[in-house]
Amino acid sequence: MRRSKRPHIFCCTAKIISYSQPAWRRSGFRVGYQRGAARQIATRIAWRHSGKHAVLTDVACHGRETRFPMKVVIENTVCLNTGDAAILLAIRHILRSIVGGDVQFLVFDSQPDVAARLYPKKDYPDLEFHKLLSESLFRDQHGGGIKGRLKSIYNRGVLRALRRFARNGAARSFFFSQSDHHGLEAYASADLVVTTGGTYLVENYDLEKRLNQFRIDAILGKDPIFFTQSLGPFNKSYNRQELGPIFDRAPLILLRDERSRNHILDLVKDPGKCHVVADAVFALADTGRIKKHLGSAPAPTGRVAISVRHWSFVSDGEDGMRRYLDSIREIATILVRDHAKEVTFISTCQGVPEYAHDDARTARAIVAELDPEIAEHVNVDAAFHTPDQLMALVKDCDFVVATRMHMMIMSLCVGTPVLPIAYEFKTKEVAKHIGVADLLLDIDTVTPSEAAEKLGRFIANLDHYRRASLEAVLEEHASAMSATRPLSSLIGNRSPNVADDVGKSGEQRLARLRNSKHEGQGEPVV
């Protein structure tokens with residue numbers, strides 16, 4: 001008997017759970033679907049109608065309820081940096097708190113193979129790493145001459161291929177490797193795109209790679225949510241003209257401080273979508289442990305951790321770095337000599353040979369010039385640590401002296417007080433929020449005598465600063481988690497498809513990659 005070619009139709013009930021939505025959205029509805037595409041289509045419909053999560057009931061499976069994954073792209077990550085990885089895990093935690101645990105995170109990273117090694121599937125089964133498309137697809141146009149022109153022609157071809165893919169899914173192209181094809185399909189299937197939190201949209205850095213990624217997002221119709229950022233100011237007219245339309249299309253922009261919000265108020269038409277909340281990593285705070293420490297201060301352990309870094313932008317250049325290193329050396333000496341502490345240098349950027357930054361190298365330079373009797377009590381932990389491992393290592397320290405901001409935040413998240421050293425304004429903002437602004441050391445101005453004086457005040461009043469900081473951490477945790485409110489109304493709604501609005505002239509603008517002509521000029525991406 002000949003089998004019918006008619007598609008086999010099943011019946012699926014999508015039960016919507018969203019107590020914050022109107023009653024009609026909480027009601028169940030029924031949809032028909034075809035084998036193969038069935039689950040994806042039904043899930044998409046459910047996500048579109050729910051501020052929380054959808055539970056799909058397959059009648060053919062005798063009413064058994066099965067949760068289907070939501071796919072979230074998180075782009076612009078650098079997971080070889082444990083601070084960046086902590087942001088990723090915090091975003092994961094926040095989104096899971098809204099939609100439940102069954103979410104797949106498609107992480108687009110600068111070095112995905114290394115990130116997958118550091119965060120393996122057996123430990124992080126919901127993370128899938130891909131190469132950041134802006135780095136994989138385009139050719140860097142630094143310099144000029146014939147090579148620069150050839151790269152420009154190549155990049156325009158890439159953009160035309162991307163537009164073909166956006167129109168009809170024809171990703172098979174000379175310009176796309178198998179890995180690129182896989183990444184593009186991941187974007188196409190994603191329910192939500194997030195550009196990770198952090199400090200990468202500041203003019204200390206070349207922004208072109210980030211702009212290229214946002215241009216790809218626009219072509220694919222995937223305008224990202226900006227997770228908690230410190231950004232700006234944007235003084236270069238090219239950056240302002242390029243970023244303005246990108247910020248305008250973004251459905252939500254989360255910012256770590258009012259200063260960052262002020263940096264973009266003249267670049268967005270709807271400032272109401274810009275929300276100031278605490279750094280996402282505060283969402284990982286162990287609130288039970290913190291409350292316990294507020295009730296009863298922990299017994300001293302005699303251990304202190306110090307986080308350092310090399311900073312290329314320190315005022316006075318090499319002299320400024322020397323002053324900073326001497327100040328840290330003074331802190332370590334006082335801790336050992338005057339307070340009988342065992343000191344460990346440990347940081348968020350270390351132990352990964354493929355990563356450009358290794359804070360352990362800076363730590364070793366400090367320890368090498370310590371007096372031998374001091375150095376006996378100082379250790380450099382140069383190994384790589386995941387965020388969970390790093391927090392476990394510092395939770396029993398009496399306190400931490402932190403230059404890396406996320407070393408500071410992760411320490412606070414496990415109830416360990418921090419003496420901060422700022423190298424960018426983001427750390428100054430956190431110090432102000434947690435009640436230690438009067439102790440803040442600035443990498444641009446710190447001296448050994450100032451470091452010694454503020455360390456003395458910190459230790460003498462440690463119980464006071466612990467209580468002030470930990471009470472503030474509970475507030476910061478609540479603030480970080482408050483991002484769930486604006487996120488809840490967006491989750492499940494696909495980003496608006498703007499690919500058709502880019503147009504031919506837009507394609508030409510998108511083709512431009514970094515060169516000297518772009519400084520101080522340029523046209524917006526629309």
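Residues numbered from 1 in each chain as written. Predicted model: local features only at pLDDT ≥ 70, side-chain atom pairs only at ≥ 80, totals over all residues. Heavy atoms only, no water.

## Here's the deal with the sheet that holds strand β13 (residues 303-307)
- Reading across from one edge, β15-β14-β13-β16-β17-β18 is the order of the 6 strands in this open sheet, with parallel pairing throughout. A single partner strand is all that each edge strand has here, and the edge strands are β15 (378-380) and β18 (441-442).
- Sheet analysis places strand β16 (residues 399-402) next to strand β17 (residues 418-422), joined by 3 bridges and oriented parallel. Across the sheet, the residue bridging to A402 is P420, located in β17.
- Helix α17 (residues 425-433) rests against β17 and β18 of the sheet, and its axis sits at about 150° to β17. (Pairing = 2+ DSSP bridges. Helix = DSSP H or I, 4+ residues; strand = E, 2+ residues; numbered from the N terminus. Contact = heavy atoms within 4.5 Å. Axes fitted to C-alpha atoms, helices over the stretch in contact; angles between N-to-C directions.)

## Points about the packing of aromatic side chains
- Tallying each qualifying case throughout the model produces 13 aromatic pairs.
- Ring centres of F399 and F458 lie 5.2 Å apart, and the angle between their planes is 85°; this geometry places the pair in the edge-to-face category. Placement of F399 in strand β16 and of F458 in helix α18 (residues 448-460) is noted, with a sequence separation of 59 residues between them.
- For F399, a relative accessible area of 1% gives the class buried.
- A relative accessible area of 0% means that F458 is categorised as buried.
- Through successive ring pairs, a cluster of aromatic residues spans Y205, W311, F313 and Y423.
- Between the NZ or CZ atom of R259 and the centre of the ring of F425, over which it lies, the distance is 4.2 Å.
- For the cation-ring pair, R309 lies above Y423, with the distance from its terminal atom to the ring centre recorded as 4.6 Å. (Phe/Tyr/Trp six-rings, centres within 6.5 Å; stacked < 30°, edge-to-face > 60°. Buried < 20%, exposed > 50% of the residue type's maximum accessible area, 1.4 Å probe, protein only. Lys NZ or Arg CZ within 6 Å of the ring centre and 35° of its normal.)

## Looking at the side chain of D180
- Along the chain, the position of D180 falls in helix α7 (residues 178-189).
- Of the buried charged residues, D180 lacks a salt bridge, with R139 as the closest side chain of opposite charge at 7.1 Å.
- Side-chain polar atoms of D180 contact the backbone nitrogen of S177, separated by 3.0 Å. (Lys, Arg positive; Asp, Glu negative; His and termini not counted. Salt bridge = Lys/Arg side-chain N within 4 Å of Asp/Glu carboxyl O. Polar contact = N/O pair within 3.5 Å; in protein donor to acceptor, adjacent residues only side chain to side chain.)

## Description of the nonpolar core
- Formed by 115 residues in total, the largest nonpolar core has its most connected members in I306 and F345.
- Among the elements that line this core, the one with the most residues is helix α3 (residues 82-99), at 11 residues.
- Apart from the residues lying within four places of it in its own chain, the contact partners of F345 are I306, V308, I328, A363, I366, V367, V378, N379, V380 and D381.
- Counting residues in each nonpolar core, the second largest holds 23 residues, with V73, L137, Y187 and A190 among its members. (Core = buried A, V, L, I, M, F, W, Y, C linked by side-chain atoms within 4.5 Å.)

## Description of unusual backbone geometry
- Of note, the bond from G232 into P233 is cis; its omega dihedral lies within 30 degrees of zero at -5°.
- Even without being glycine, D316 reaches a positive phi, approximately 75°.
- Mapped onto the elements, D316 comes out in the loop between β13 and α12 (317-339).
- By relative accessible area, which is 56% here, D316 ends up exposed.
- The residue A340 is not glycine, and still its phi comes out positive at about 55°.
- Structurally, A340 is set in the loop between α12 and β14 (342-345).

## Some points on the pairing of β16
- A two-sided burial pattern is seen for β16, the buried positions comprising F399 and V401 on one face and V400 and A402 on the other.
- Of the strand pairs in this sheet, β13 and β16 are connected by 4 bridges, and their pairing is parallel. Its bridge partner lying in β16, A305 is registered against V400.
- Each parallel crossover has a hand, and for β16 linked through helix α16 (residues 405-413) to β17 it is right-handed. (Right-handed = clockwise from strand over helix to strand, strands pointing away.)

## Quick look at α3
- The end-to-end C-alpha distance of α3 is 25 Å, a good match for the 26 Å that 18 residues give at a rise of 1.5 Å each.
- Within α3, 15 of the 18 residues are buried, which leaves it mostly tucked inside the rest of the structure.
- N-cap assignment for α3: the residue whose side-chain oxygen lies 2.7 Å from the backbone N of G83 is N81.
- Immediately beyond the C-terminal end of α3, within one or two residues, lies G100, with a positive phi of roughly 95°. (Expected span 1.5 Å × (residues − 1).)

## Overview of the environment of T416
- When you line up the elements, T416 lands in the loop between α16 and β17.
- Judged by its relative accessible area of 1%, T416 falls in the buried class.
- Discounting chain neighbours no more than four positions away, the residues touching T416 are V394, K395, C397, D398, F399, V400 and S411.
- Reaching out from T416, the side chain makes a polar contact with the backbone oxygen of K395 at a distance of 3.5 Å.

## Considerations on the pairing of strand β10 (residues 225-231)
- For β10, the tally of buried residues reaches 7 of 7 residues, placing the bulk of the element in the interior.
- Where strand β8 (residues 192-195) lies against β10, 2 bridges are found, and the strand directions are parallel. The partner of V194 across the bridge, within β10, is I225.
- Where strand β9 (residues 198-201) and β10 come together, 2 bridges link them in parallel fashion. Of the residues in β10, the one forming a bridge with G198 is Q229.
- Once the chain exits β9 it traverses helix α8 (residues 208-219) before rejoining the sheet at β10, and the crossover so formed is right-handed.
- Inspection of the sheet shows β10 paired to strand β11 (residues 253-255) by 2 bridges, in the parallel sense.

## Quick look at the side chain of T82
- Within the element layout of this structure, T82 appears in helix α3.
- Contacts of T82, omitting those with residues within four sequence positions, involve Y119, T348, F384, H385, T386, P387, L390 and M410.

## So, the confidence of the model for the protein
- For the protein, the average pLDDT comes to 83, and 79% of its residues sit at 70 or higher.
- Here residues 1-67 is a poorly scored stretch, pLDDT under 50, and it has 117 contacts once near neighbours within four places are set aside; other chains count.
- Predicted confidence for residues 493-526 stays below pLDDT 50, and this span has 84 contacts to residues more than four positions away or in other chains. (pLDDT = per-residue confidence, 0-100.)

## A closer look at α17
- For α17, the set of buried residues is F425, K426, T427, E429, V430 and A431.
- Of the surrounding secondary structure, the elements contacted by the buried residues of α17 are β9, β10, α10 (258-264), α16 and β17.
- Phi for G435, located one or two positions after α17, is positive at around 80°.

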